[in-house]
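Structural characterization, general
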Amino acid sequence: MKAVTWQGKRDVRVDEVPDPKIQEPTDAVIRVTSSGLCGSDLHLYEVLTPFMTPGDILGHEPIGIVEEVGAEVTNLRPGDRVVVPFQISCGHCFMCSAGLQTQCETTQVTSEGMGAALFGYTRLYGAVPGAQAEYLRVPQAQYGPMKIPEGPADDRFLYLSDVLPTAWQAVAYADVPQGGTVAVLGLGPIGDMACRIARARGAERVFGVDLVTERLTRARARGVETYDLRSFDSEKELVAAIQDETDGRGPDAVIDAVGTEAHGSAAARMVQQAAAVMPRAISGPIAERFSVDRLAALHTAIELVRRGGTISLSGVYGGMADPLPMLTLFDKQIQLRMGQANVRRWSDEIMPYLTDEDPLGVDGFATHHVPLSDAPHAYEMFQRKQDGAVKVVMRP
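Residues numbered from 1 in each chain as written. Predicted model: local features only at pLDDT ≥ 70, side-chain atom pairs only at ≥ 80, totals over all residues. Heavy atoms only, no water.

Across its full length, the chain holds 13 helices and 16 strands. Of all 396 residues assigned to the chain, the portion counted as buried reaches 55%. Put simply, 73% of the contacts in the chain that link residues at least 6 apart link residues at least 24 apart. Summed over all atoms, the accessible surface of the chain reaches about 16,400 Å², with 51% contributed by carbon and sulfur. (Helix = DSSP H or I, 4+ residues; strand = E, 2+ residues; numbered from the N terminus. Buried < 20%, exposed > 50% of the residue type's maximum accessible area, 1.4 Å probe, protein only. Contact = heavy atoms within 4.5 Å. Areas by Shrake-Rupley, 256 points an atom, 1.4 Å probe, with all protein chains shown as cover.)

Structure follows, in structure tokens:
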């Protein structure tokens, strides 16, 4: 089959690889009909290269048709249309029962001290072959895949794999009161969808911050009060502008949907880039022990949120040596919540929004649909924010 493989920093290719097969009785194999390109994939494209191996298959946002199931997968049969969560979870362990599927005790990558295995990601999360491919082996298929109805185009349900539950959890963790205010830093796919969900769930005012014109325009069209980062000379000016709209206090909650891609510390960027070009035997341990993030967005969130407010982190951070302003966090009584989205924890709550009325605008959410063969160009376009690319969907 054809699949998108990682070959090095900023080097992805479409290669012929062996077809996946049933390996465990809880496996299924699906024929992928659409697969999303995620901002997290860009971390593999550039930042997290020390944890990748040439030939790794990328992607973790699949929808498709069941081709084959293992003996213990009794809830699916060939021909079923399914969307598959980005994390692999069993559904019956302590963590899954607590709604913490990204901490699944059955699939935890204990050798790396990490949580549940993820499709198409680094060795820290199991290096499980990913979904930007013609076919995908799905472990724990007795629980993970969600059956969806025939009829609507893939885009109606595709984002249940990652974008929707990640944005939904970001808003849920932000705990915005009815009629309250929330600022969203970063209006990429997750930030954009978080704005839509916050409005749908009763936030009175949603402030969105970005520096990409197309992203700001998309958010503004859905009622978000947008702030172009390029219009401010400093973080303090931006913070003051939003605080002026909230009686001088700041919003009730801030969602950081930027993560380590934030514009910020040159030193952090230097460490990331240095690790990416070191020999693998050296770069991995250095990146694990001494990695730092560009924390500009998180520092902005801490300054911006009102006292007693909540910061919800959905942007991916990976630093182990990051300095935080603990005095400010403590003094302002800020609540901080974070983590990979627990997809099946939220999927039943999200499903009623995926109706013909399409209140979240999922049908038109993707800016680009491309064949799988165009993956190298799609990665470059998305990474450089060219051609108005906000969300790219690949079709094998």
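Having seen the structure, we can now continue with the description.
Turning next to the pattern of salt bridges. Should the charged atoms of two oppositely charged side chains come close, the side chains can pair. One pass over the full model with this rule turns up 22 salt bridges. The closest approach of N and O atoms between Arg13 and Asp11, which form a salt bridge, is 2.8 Å. Residue Asp11 is classed as partly exposed on the basis of its relative accessible area of 23%. One continuous salt-bridge network, built from bridges that share partners, spans Arg156, Asp356 and Asp363. (Salt bridge = Lys/Arg side-chain N within 4 Å of Asp/Glu carboxyl O.)

Let's shift gears to the packing of helix H7 (residues 235-244) against helix H10 (residues 296-304). At a closest axis distance of 10 Å, the pairing of H7 and H10 adopts a crossing angle of 40°. Overall, the two elements H7 and H10 adopt an arrangement that is oblique. Like other packed secondary-structure pairs, H7 and H10 cross with a definite hand, here right-handed. Where H7 approaches H10, its residues Glu235, Leu238, Val239, Ile242 and Gln243 are matched on the opposing element by His299, Thr300, Glu303 and Leu304. In terms of residue class, the contact of H7 with H10 is built from four nonpolar, three polar and two charged. (Axes fitted to C-alpha atoms, helices over the stretch in contact; angles between N-to-C directions. Parallel < 35°, antiparallel > 145°, perpendicular 65-115°, else oblique. Left-handed = near helix turned anticlockwise from the far one by under 90°. Nonpolar A, V, L, I, M, F, W, Y, C, P; charged D, E, K, R; others polar.)

A separate point is helix H12 (residues 343-350). Turning to H12, its buried residues are Val343, Trp346, Ser347 and Ile350. Seen from one end, H12 has its buried residues packed into an arc of 125°, which puts them on one side. Residues of H12 that are buried in the fold lie against strand S8 (146-147) and helix H4 (163-174). (Arc of directions from axis to C-beta.)

A few words on the nonpolar core. Ranked by internal contacts, the top residues of the largest apolar core, which has 70 residues, are Tyr159, Leu164, Met193, Tyr379 and Met394. At nine residues, H4 tops the list of elements feeding residues into this core. The contacts of Tyr159, once residues within four sequence positions are left out, are Leu164, Pro165, Val362, Phe365, Ala366, Lys391 and Val393. Residues Leu295, Leu298, Ala301 and Leu313 belong to the second largest nonpolar core, which totals 19 residues. (Core = buried A, V, L, I, M, F, W, Y, C linked by side-chain atoms within 4.5 Å.)

This brings us to the packing of aromatic side chains. This structure, assessed with the given rule, holds six aromatic pairs. With a centroid separation of 5.3 Å and an interplanar angle of 70°, the aromatic rings of Trp168 and Tyr353 are classed as edge-to-face. Placement of Trp168 in helix H4 and of Tyr353 in the loop between H12 and strand S15 (368-371) is noted, with a sequence separation of 185 residues between them. The class for Trp168 is buried, based on a relative accessible area of 3%. Here the basic side chain of Arg218 rests over the ring of Phe365, its NZ or CZ set 5.0 Å away from the ring centre. (Phe/Tyr/Trp six-rings, centres within 6.5 Å; stacked < 30°, edge-to-face > 60°. Lys NZ or Arg CZ within 6 Å of the ring centre and 35° of its normal.)

This part is about the sheet that holds strand S1 (residues 2-8). Taken in spatial order, the three strands of this open sheet run S2-S1-S4, and their pairing is antiparallel. Strand pairing shows two members of the sheet lacking a second neighbour, strand S2 (11-16) and strand S4 (56-57), which therefore form its edges. Pairing of S1 with S2, which is carried by six bridges, proceeds in the antiparallel orientation. What sits directly across from Trp6, in S2, is Val12. (Pairing = 2+ DSSP bridges.)

Moving on to the environment of Cys90. On the secondary structure map, Cys90 appears in the loop between strand S6 (81-83) and helix H2 (94-97). Among the residues examined, Cys90 registers a relative accessible area of 3% and is labelled buried. Separated by 53 residues in the primary sequence, Cys90 and Tyr143 place their C-alpha atoms 6.0 Å from one another.

Let us now look at H4. Along its 12 residues, H4 runs 16 Å from first to last C-alpha, staying within 8% of the 16 Å computed at 1.5 Å per residue. The complete set of buried residues in H4 reads Val163, Leu164, Pro165, Thr166, Ala167, Trp168, Gln169, Ala170, Val171, Ala172, Tyr173 and Ala174. Along its buried surface, H4 packs onto helix H5 (189-200), strand S12 (253-256), strand S13 (310-313), strand S14 (335-338) and H12. (Expected span 1.5 Å × (residues − 1).)

Our next topic: the packing of H4 against H12. Helix-helix packing is described using two parameters, namely the angle between the two axes and the distance between the axes. Direction vectors running N to C along H4 and H12 enclose 90°, while the axes themselves pass 9 Å from each other. In terms of axis orientation, H4 runs roughly perpendicular to H12. Here H4 contributes Leu164, Pro165, Trp168, Gln169, Ala172 and Tyr173 to the contact with H12, which in turn contributes Val343, Trp346, Glu349 and Ile350. For the contact of H4 with H12, the class distribution of residues is eight nonpolar, one polar and one charged.

A few words on the sheet that holds strand S9 (residues 181-185). The six strands are arranged S11-S10-S9-S12-S13-S14 in an open sheet whose pairing can be described as parallel. Looking at strand neighbours, the two that pair on one side only are strand S11 (225-228) and S14, the edges of this open sheet. Direction aside, neighbouring strands of the sheet carry axes that sit 20° apart on average. As judged from the four bridges shared by S12 and S13, these two strands associate in the parallel manner. Within the sheet, the bridge partner assigned to Val254 lies in S13 and is Ile311.

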